[in-house]
Amino acid sequence: MELRHQARHGAIWLICSQVMNMGTAAAVTIILANILSVSDFGLLSLSTVCFAIGSMFSTGIFRETIILRQDVDEEARTALFWLSFLVSLLTGFIVLAIAGPASRFLGSPLFEELLWMTAAAIIINGLGAVPGAIRTVNRDFARVGIQTAVVSLAVAPVTVALAATGHGAISVAVTGLIYYIVMTLLHWRYANWRPQLHMRVGRIRSVGRTLLILLSQQALDIASFQMDRGIIGSLLGPHQLGLYSMGRRLNDLIMDAVLYPAISVALPLIASIKEDTARLRSAYKQTLSVASVLVVPANFGLLVVADLAICTLFGEKWLDSTPVLRAFACIGLIAAVNSVQRAVIQGGGRQDIWLGIQVVYAATNVAVILAAAPYGLHAIAYAMVAKGFLLSPLGFLAAGRITGLDVWEHLKVVLLPVHAGLVMASVVALARLALPEDMAYASSLAILVAIGASTYLMAMGLFARSQFTHALSLVVPQGLLNRAASITRSHAQARCVRQHPHHPRPSLDP
């Protein structure tokens, strides 16, 4: 199967599953936001940071090593599995050891229970790291997409039921553990692989350099994308962290729905064609185009209707998180482009370049948060926006160096959807001024979303029709597109016959 067909087939299934996952996660978040206190939500976010750090050591580096180094032999895979399992056990015990002191520091017994569940999830997730990576290398995108969607949908009612019966934030941790148990079992069932009983430690040396680079990169990722919540929770307390996390939540859901499928499909494919610069450039442009076309309307729309979205979905008690949501919407496109660039740089075999970029990102991120923290939550959010824009050229330069894509080609891919997004945001802002001030939040939001969606589609038709059509061709089933094209041709032919009934009927097929 050709690269384009592989990408389309995998992206269709993964995007469908991610849409379901996003819908499920959004529904659960909305319900929990109306049940949990702001402080409990902050504690839950802090436990998520602990899980991310623990999974980095026990899962992330081993999974990505197998995906990036597709030439790893059977003995090396076995060595990576046993090492992953041992590291996950060690990490889980460390989390258990710090649970008590951390909960006393924050003055919340609930945090200790959350860390117990986090430790168990880290261990279980570590067991499924290598089988899950093997499924990705084997291009098992469709089945993985279906399974993640079904499992997420199945555990959602359990989360809501536990929260509604008074279990609060612990309900999310419990169902998260159930999710990782089920997915680990499914990875083992469908990977068609079993580790050897004897581990040859020497086989780790063949992938040792990749492991070390990935460890450094993922540690820097934590500092760049997770450490903000850790610092805010420690310096400003769980309540402020809850507001900050909710401000990120909507934007994160949208970004995950768009970016996870694109990157999950692109990374293994890019790794398999890294020696062919022309195909690598093509894969990069296609992924960048899809991400830009899909991310722009969501982020530009949130800039205009952020407060309406928060009040409608989560309630007025979360209104103070609006500036944070707007801040992350400002840098949403940069984050999307950055994720695609990371895939092409790492998949292209230049992990050392991305490592250097991440050193700059991480150091700047920590410095910005610490400098802005004394001025409050909103100052931190605005400082991160400024940091995102200032550092964005680094990814463009590195990806351009690997793919041979010049500045103008980059701008052509990204800026056309931006033009459409600016038109959409302007129309929505004007429409909002025309709405009655006493209109219900939900009604205003529904009207503005409908106006924004139709405006963006029309603007893309004017500014970037070919790019929009091409992006759809990568993520929409080809049969559906052919059917739509057939209907369009039929309507055009019928219109032509009505206008010229005595003339021969022309063929509109190319």
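Residues numbered from 1 in each chain as written. Predicted model: local features only at pLDDT ≥ 70, side-chain atom pairs only at ≥ 80, totals over all residues. Heavy atoms only, no water.

Focus: the overall build of the chain
Here comes step 1: Secondary structure assignment for the chain yields 20 helices and zero strands.
Here comes step 2: Residues counted as buried form 53% of the 510 residues belonging to the chain.
Here comes step 3: A fraction of 84% describes how many contacts in the chain between residues 6 or more apart in sequence connect residues 24 or more apart.
Here comes step 4: As displayed, the chain has an accessible area near 22,600 Å², and 66% of this comes from carbon and sulfur atoms. (Helix = DSSP H or I, 4+ residues; strand = E, 2+ residues; numbered from the N terminus. Buried < 20%, exposed > 50% of the residue type's maximum accessible area, 1.4 Å probe, protein only. Contact = heavy atoms within 4.5 Å. Areas by Shrake-Rupley, 256 points an atom, 1.4 Å probe, with all protein chains shown as cover.)

Notes on the packing of helix 2 (residues 38-68) against helix 8 (residues 208-225)
Here comes step 1: At a closest axis distance of 9 Å, the pairing of helix 2 and helix 8 adopts a crossing angle of 135°. With respect to helix 8, the element helix 2 is oriented oblique. Pair helix 2 / helix 8 crosses with right-handed handedness. In this structure, helix 2 contributes A52, I53, M56, F57, G60, I61, F62, E64, T65 and L68 to the contact, and helix 8 contributes T210, L211, L214, L215, Q218, A219 and I222.
Here comes step 2: Per-class residue counts for the contact of helix 2 with helix 8 are 12 nonpolar, four polar and one charged. (Axes fitted to C-alpha atoms, helices over the stretch in contact; angles between N-to-C directions. Parallel < 35°, antiparallel > 145°, perpendicular 65-115°, else oblique. Left-handed = near helix turned anticlockwise from the far one by under 90°. Nonpolar A, V, L, I, M, F, W, Y, C, P; charged D, E, K, R; others polar.)

Observations concerning the environment of L411
Here comes step 1: By the element assignment, L411 lies in helix 17 (residues 407-434).
Here comes step 2: By relative accessible area, L411 is classed as partly exposed at 35%.

Describing the layout of surface pockets
Leftover empty space is mapped by rolling, across the atoms, a probe with the size of a water molecule.
Here comes step 1: Of the pockets and cavities examined, the second largest pocket occupies roughly 490 Å³.
Here comes step 2: Looking at the lining of the second largest pocket, the elements that each hand over two or more residues are helix 11 (277-313), helix 12 (322-330), helix 13 (332-347), helix 16 (393-403) and helix 17.
Here comes step 3: Among the residues making up the lining of the second largest pocket, the classes are represented as 18 nonpolar, seven polar and two charged. (1 Å grid on protein atoms, 1.4 Å probe; cavity = no way out; pocket = protein on both sides within 12 Å on 5 of 7 lines; lining within 4 Å. Points joined across faces, edges and corners; volume = space filled by probe spheres on them.)

Overview of the packing of aromatic side chains
Here comes step 1: Throughout the structure, instances matching the rule amount to nine aromatic pairs.
Here comes step 2: Consider the rings of F41 and W318, whose centres lie 5.4 Å apart with planes at 70°: the pair is edge-to-face. Linking F41 in helix 2 with W318 in the loop between helix 11 and helix 12, this pair joins segments that are 277 residues apart in sequence. Neither F41 nor W318 differs from the other in exposure class; each is buried.
Here comes step 3: Seen in terms of ring centroids, Y244 and F328 are 5.8 Å apart; in terms of plane orientation they differ by 75°. Their pairing is edge-to-face. (Phe/Tyr/Trp six-rings, centres within 6.5 Å; stacked < 30°, edge-to-face > 60°.)

Topic: the nonpolar core
Here comes step 1: Of all hydrophobic cores here, the largest spans 93 residues; its most connected members are F111, L114, Y244, W318, I345 and I380.
Here comes step 2: Looking at this core, the element that brings in the most residues is helix 11, giving 14 residues.
Here comes step 3: Setting aside chain neighbours within four positions, we find I380 in contact with I232, L236, Y244, I369, A372 and A373.
Here comes step 4: Membership of the second largest hydrophobic core comes to 21 residues, among which are F62, I67, I204 and L214. (Core = buried A, V, L, I, M, F, W, Y, C linked by side-chain atoms within 4.5 Å.)

Considering unusual backbone geometry
Here comes step 1: With a phi angle near 55°, N192 is a residue other than glycine that sits in the positive phi range.
Here comes step 2: Checked against the element boundaries, N192 lands in the loop between helix 7 (170-190) and helix 8.
Here comes step 3: With relative accessibility at 69%, the residue N192 sits in the exposed group.

Quick word on helix 4 (residues 109-127)
The periodicity of an α-helix, 3.6 residues per turn, causes residues three or four places apart in sequence to face the same way.
Here comes step 1: An ideal rise of 1.5 Å per residue puts 27 Å on 19 residues; helix 4 measures up with 29 Å between its terminal C-alpha atoms.
Here comes step 2: Those residues of helix 4 that are buried are in contact with helix 2, helix 3 (74-106), helix 5 (129-137) and helix 7. (Expected span 1.5 Å × (residues − 1).)

Comments concerning the packing of helix 9 (residues 227-236) against helix 15 (residues 377-391)
Relative placement of two packed helices is described by the angle separating their axes and the distance separating the axes.
Here comes step 1: Where helix 9 meets helix 15, the closest approach of the two axes is 12 Å, and the angle between their N-to-C directions is 160°. Considering their axes alone, helix 9 and helix 15 lie roughly antiparallel with respect to each other. Crossing handedness for the pair helix 9 and helix 15: right-handed. Every residue of helix 15 that contacts helix 9 at D228, I232 and L236 is listed here: L377, I380 and M384.
Here comes step 2: A per-class count over the contact of helix 9 with helix 15 returns five nonpolar, no polar and one charged.

Topic: the side chain of T175
Here comes step 1: Within the secondary structure, T175 is located in helix 7.
Here comes step 2: Within the local environment of T175, its side chain forms a polar contact with the backbone oxygen of S171, the two atoms lying 2.9 Å apart.
Here comes step 3: Sequence-distant contacts of T175, that is, excluding residues within four places in its chain, are made with V155, V158, T159 and L162. (Polar contact = N/O pair within 3.5 Å; in protein donor to acceptor, adjacent residues only side chain to side chain.)

Observations regarding the environment of T65
Here comes step 1: Residue placement: T65 occurs in helix 2.
Here comes step 2: The class of T65 is buried, set by a relative accessible area of 0%.
Here comes step 3: Through-space distance from the C-alpha of T65 to that of R77 is 9.8 Å; in sequence the pair is 12 residues apart.
Here comes step 4: If near-sequence neighbours (up to four positions away) are discounted, T65 is found in contact with L80, V207, T210, L211 and L214.

Thoughts on the pattern of salt bridges
Here comes step 1: The final tally for this structure, using the stated rule, is five salt bridges.
Here comes step 2: The residue R143 makes a salt bridge to D140 at a minimum N-O spacing of 3.4 Å.
Here comes step 3: Exposure remark for R143: the relative accessible area of 35% places this residue in the partly exposed category.
Here comes step 4: Taking the shortest distance from any N to any O, the salt bridge between R432 and D307 comes out at 2.8 Å. Note that R432 is positioned in helix 17 and D307 in helix 11, a separation of 125 residues in sequence.
Here comes step 5: On the basis of relative accessible area, R432 is assigned to the partly exposed category, the value being 25%. (Salt bridge = Lys/Arg side-chain N within 4 Å of Asp/Glu carboxyl O.)

Remarks on helix 12
Here comes step 1: Buried residues dominate helix 12, accounting for seven of its nine residues.
Here comes step 2: Inspection of helix 12 places T322, P323, V324, L325, A327, F328 and A329 among the buried residues, and these make up the whole buried set.

Focus: the confidence of the model for the chain
Here comes step 1: Of the residues in the chain, 82% have a pLDDT of 70 or more, and the chain-wide mean is 80.
Here comes step 2: In this model residues 503-510 is a low-confidence stretch, pLDDT under 50, and it forms seven contacts with partners more than four residues away in sequence or in other chains. (pLDDT = per-residue confidence, 0-100.)

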